Amino acid sequence: MVEAFAVASGKGGTGKTTSTLALGMALAEEYDVTVVDADTGLANLLFHAGLEDADVTLHDLLIEGADAAIDDATYERFGMRVVPCGTNLADFEAANPNRLRDVVASLAAETDVLLLDSPAALGSKSAVLPIVLADRIVTVLQPTIPALSDALKVGEYARSYGTGNAGVLFNKVRDEAAVERIADRTEEYFDGPTLATVPESDAVHGARDAGEPLLAHAPDSAAAAAYRDAADTLDVRAGDSTAVADRFRSAVVPDRP
Amino acid sequence: MKLPRGQLLRSRVVADPGTTLSTALETDLTGYAVFEPRDALLLDADGQGVLTFEAGVPVLAYHTRTDAGGATALADLAVPGPYSVDLFELDATDLAEIHDTPPLRVAPGLPAERLAGDPTLADRTRDAAPADRVGGSDTAADGPDAVAAFLDDEEKITAIREQARSEARDRAQEWGLADELANLPGAVADADDDEESDNAAGE
């Protein structure tokens, strides 16, 4: 059983990586969860998961001729399997995205929930690929006009590729009443529930500085509680892991961006 | 709104209007920026947003298509990027007269909130604003209504979504991902496109 989610936003700085790891940890209480940093050009998940010294990352799996095994780039952390991506530009240049699908397919075959931390912009094939491959997207956004308009765009890209909407996660919220006023409209446009309203929190910065996911660093914070609500609201659907793996394997894979 | 012509400092395409607001703030710009969304479908071809600055802090907002000023002009301008932006320098004395137009004025942090969706930049801008410009209408009270009004503007939302759908299909062709596209009701590609996609997607 597996469902693959692309955690997407359409705009940088919405807290996508924080949200991916927080959702992952919350879901890991019930499911077997694998988190992948699919933002291969602008990787940052490793910093959030205390893996900046990781010897082997997703990049090593994508470099032609490298003999790293998937297990070497997979780290058991915080109750999840985490596949970080390196930040070395030369490695990014040397990476062959054609290999990504097999990596993700192999991971999908062995987990309940696969979370793909996805690039913010949709400007290249590799940026859009996680959305193409996922079953559904989780949209992380702030309740602002630019964030909503960019997220609407991501939602339509997803829909165009037959990828569903799992719901909207309002993040870095300063005024919860403001979100309540737009929740109905948002649910209508995004065709999914409001998963949670995560308040802006200093704990998030503290977690990032400590290299720990929010739920490990500040489990009692209001933001952490909101992510647990989001995990409860998210209806993970049992999928056929073979079908998901096949989809990743057969997907048209992009050239280098 | 009639602005004296300033000296063009830079002309560029930005994905995020926050880039321009941030540049203006960091360079203490006194002058104005002209924003034109690249996507003419969402606004009339001559639809431009004008934002004036004094020492890096936004003062007035105006939209040429809707003839709206202030916060309303910002809402009219808030569409998905990229934008073409021209940044002009203009002497404060040339701006003084036009700056005395209350209906066009915006609170210092509002453009960063509305156009960039960047509360941190909004805070930095408020910090840089003269004391007599902070407070007043730049509160959360007019934020949520603007977001709600944006979502209630069905015509605009429909335009954004249709544009995104069309862009998604075009890009899919370009990137060889056409075979991955779902068959959506109403999303009928023409025969030529189908042929291209079949050819392009062969692996």
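Read on for a plain summary of the structure. Note that the coordinates shown come from a computational prediction; the quantities given were computed from them, not determined experimentally. Throughout this document, residue positions are counted from 1 along each chain, in the order its sequence is written. The lettering of chains begins at A and the numbering of ligands begins at 1, in the order of writing. Whole-chain, interface and lining totals are the exception, using all residues; otherwise, since this is a predicted model, local features are given only for residues with pLDDT of at least 70 and side-chain atom pairs are given and counted only at 80 or more. Excluding hydrogens and water, the side-chain figures rest on all heavy atoms present in the structure.

## A closer look at the overall build of chain A
So, point 1. Scanning chain A from terminus to terminus reveals 12 helices and 8 strands.
So, point 2. Exposed residues in this analysis have more than 50% of their type's maximum accessible area, buried residues have under 20%, and partly exposed residues fall in between, with area computed by a 1.4 Å probe over protein chains only. Here chain A holds 257 residues, and the buried ones make up 63% of them.
So, point 3. Throughout, a residue-residue contact means that at least one pair of heavy atoms, one from each residue, lies within 4.5 Å. A separation threshold of at least 6 residues defines the contact pool for chain A, and within that pool the share at least 24 residues apart is 80%.
So, point 4. Working definition of accessibility: Shrake-Rupley area with a 1.4 Å probe, residue cover restricted to the visible protein chains. When the accessible surface of chain A is summed, it comes to about 9200 Å², and 44% of that surface belongs to carbon and sulfur atoms. A run of DSSP states H or I qualifies as a helix once it reaches four residues; a run of E qualifies as a strand once it reaches two. Both are numbered from the N-terminal end.

## Thoughts on the overall build of chain B
So, point 1. When you go through chain B residue by residue, the secondary structure sums to 8 helices and 5 strands.
So, point 2. The secondary structure elements of chain B, listed N-terminal to C-terminal, are β-α-β-β-β-α-β-α-α-α-α-α-α.
So, point 3. Within chain B, the fraction of its 203 residues that count as buried is 48%.
So, point 4. In chain B, the proportion of contacts linking residues at least 24 apart, taken out of those at least 6 apart, comes to 67%.
So, point 5. Here chain B displays about 9800 Å² of accessible surface, and carbon together with sulfur accounts for 45% of that area.

## A look at the pattern of salt bridges
So, point 1. Any Lys or Arg side-chain nitrogen found within 4 Å of a carboxyl oxygen on Asp or Glu counts as a salt bridge. Inspection of every chain in the model, using the stated rule, returns 18 salt bridges over all chains.
So, point 2. In this structure, the salt-bridge partner of arginine 159 of chain A is glutamate 156 of chain A, at a minimum N-O distance of 3.7 Å. One end of the pair, arginine 159 of chain A, and the other, glutamate 156 of chain A, are both in helix α7 (residues 145-160), 3 residues apart, so they sit about a helical turn from each other.
So, point 3. Classification of arginine 159 of chain A as partly exposed rests on a relative accessible area of 33%.
So, point 4. Here glutamate 200 of chain A ties to arginine 174 of chain A by a salt bridge, and the two come within 2.8 Å at their closest N and O atoms. With glutamate 200 of chain A in the loop between β8 (194-199) and α9 (202-210) and arginine 174 of chain A in the loop between β7 (164-173) and α8 (176-190), this residue pair connects regions lying 26 residues apart in the sequence.
So, point 5. What emerges from the salt-bridge pattern is a single network uniting Arg174 and Glu200 of chain A together with Glu113, Asp123 and Arg126 of chain B.

## With respect to the sheet that holds strand β5 (residues 83-89) of chain B
Residues and elements named next belong to chain B.
So, point 1. Should DSSP find at least two bridges between two strands, the strands are regarded as paired. Spatial strand order, β1-β5-β2-β3-β4: 5 strands in an open sheet with antiparallel pairing. Each of the sheet's edge strands pairs with one partner strand only, and the pair in question is β1 (7-14) and β4 (57-63). Taken pair by pair, the neighbouring strands of this sheet meet at an average axis angle of 20 degrees, ignoring direction.
So, point 2. Across 7 bridges, strand β2 (residues 31-37) lies against β5 in antiparallel orientation. Note on β5: the bridge partner recorded for glutamate 36 is serine 84.
So, point 3. Here an angle of 0 to 180 degrees is reported between the N-to-C directions of two axes, which are lines fitted to C-alpha atoms, with helices fitted over the stretch in contact. Contacting β2, β3 (49-54), β4 and β5, helix α2 (residues 70-77) crosses the sheet at an angle of about 70 degrees to β4.

## Notes on helix α1 (residues 16-27) of chain A
All names here are of chain A.
So, point 1. By this rule, a helix spans an expected 1.5 Å times one less than how many residues it contains. Over its 12 residues, α1 runs 16 Å from end to end, which matches the ideal 16 Å to within 8%, given 1.5 Å per residue.
So, point 2. Counting buried positions over the 12 residues of α1 gives 12, a clear majority of the element.
So, point 3. Turning to α1, its buried residues are Lys16, Thr17, Thr18, Ser19, Thr20, Leu21, Ala22, Leu23, Gly24, Met25, Ala26 and Leu27.

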